[in-house]
Amino acid sequence: MACLECVQACSKAFYKEFHPDKSCIQIVVGKDGAAKPNVCVQCGKCAKACEAGAITQNAKGVYTINKKLCTQCGKCAEVCPFHVLVKMPEQPASKCIACGICVKACPMEILEIVEK
């Protein structure tokens, strides 16, 4: 549907404003013309790129960013293969933490959090 309710909910939750670039979920249009959610798949490439050790994996397999340790270098965002790690100027990076805010916001009920 590409209503962007999930994008809005995510950006408002973490940045207190609706701004698509500040959302950890993006809606992209595929080659077939269908809108699809683009989200973090918890691959860990960001953690490997983080020289400060600010990105770690929790017991559920979700990578999280310790904002106090983040040096704001942006290397994590550069290596994200899905381009969903958010790095705004002069702010620590942010990424999907599988909180479910986007799932609750989806009027079509097509989003879900899946444990590995």
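In this text, all values refer to a predicted model and were calculated from it rather than measured experimentally.

Caption draft 1: Region of interest: the overall build of the protein chain. A count of helical and extended segments in the protein chain gives four helices and four strands. Ordered by position from the N terminus, the helices and strands of the protein chain form the series α-β-β-α-β-β-α-α. In summary, the protein chain has a C-alpha radius of gyration of 14 Å against a globular reference of 13 Å for 116 residues, a match within 12%. Referenced to the eigenvectors of the C-alpha coordinate spread, the extents of the protein chain come out at roughly 40 × 30 × 25 Å. Counting over 116 residues, the protein chain shows a buried share of 34%. Pairs at least 24 residues apart make up 45% of the contacts formed inside the protein chain by residues separated by at least 6 positions. Entry remark: accessible area of the protein chain is about 7300 Å², with carbon and sulfur atoms responsible for 55%. Side chains of the protein chain give 15 positive and 10 negative charges; the mean places of these two sets differ by 6 Å.

Caption draft 2: Local environment of the pairing of strand β1 (residues 26–29). Relative to strand β2 (residues 35–38), β1 runs antiparallel, the two being bridged by four bridges. Note that in β2 the partner of Ile27 across the bridge is Pro37. The turn linking β1 back onto β2 is made up of five residues, and Gly33 within it adopts a positive phi angle of 90°.

Caption draft 3: Here's a closer look at the pattern of salt bridges. Following the criterion strictly, the structure yields three salt bridges and no others. Among the ionic pairs, Glu17 bridges to Lys22, the shortest N-O distance being 2.3 Å. In this structure, Glu51 and Lys75 form a salt bridge, with 2.8 Å as the shortest nitrogen-oxygen distance. Pair noted here: Glu51 is in the loop between α2 (45–49) and β3 (55–57) and Lys75 is in helix α3 (residues 75–79), with a separation of 24 residues, a long-range link.

Caption draft 4: Highlighting helix α1 (residues 5–15). For α1, every residue scored as buried is listed here: Cys6, Val7, Ala9, Cys10, Ser11 and Tyr15. Buried residues belonging to α1 abut β1 and α4 (101–105). Immediately beyond the C-terminal end of α1, within one or two residues, lies Lys16, with a positive phi of roughly 60°.

Cut-offs used in this document
- Along each chain, numbering runs from 1 in the same order as the chain's sequence is written.
- Two thresholds apply to this predicted model, a pLDDT of at least 70 for residue-level local features and 80 or more for giving and counting side-chain atom pairs, whereas whole-chain, interface and lining totals are computed over all residues.
- Only heavy atoms go into the side-chain values, all of them from the structure, while hydrogens and water stay out.
- Runs of E in the DSSP output that reach at least two residues are strands. Runs of H or I that reach at least four are helices, and both are numbered from the N terminus.
- To get the radius of gyration, use the C-alpha atoms; to get the globule rule, take the number of residues to the power 0.38 and multiply by 2.2 Å.
- Exposure is judged per residue with a 1.4 Å probe applied to protein chains only, and the accessible area is read against the type maximum: over 50% gives exposed, under 20% gives buried, and values in between give partly exposed.
- Note on contacts: a residue pair qualifies if any of its non-hydrogen atoms lie within 4.5 Å across the two residues.
- We get accessible surface area from the Shrake-Rupley algorithm with a probe of 1.4 Å; when it comes to residues, only the shown protein chains can shield them.
- We treat Lys and Arg as the positive residues and Asp and Glu as the negative residues; His and chain ends play no part in the count.
- The atom standing in for a charge is NZ when the residue is Lys, CZ when it is Arg, CG when it is Asp and CD when it is Glu.
- Paired strands, as defined in this entry, are two strands with at least two bridges between them according to DSSP.
- Salt bridge criterion: a side-chain nitrogen from Lys or Arg within 4 Å of a carboxyl oxygen from Asp or Glu.

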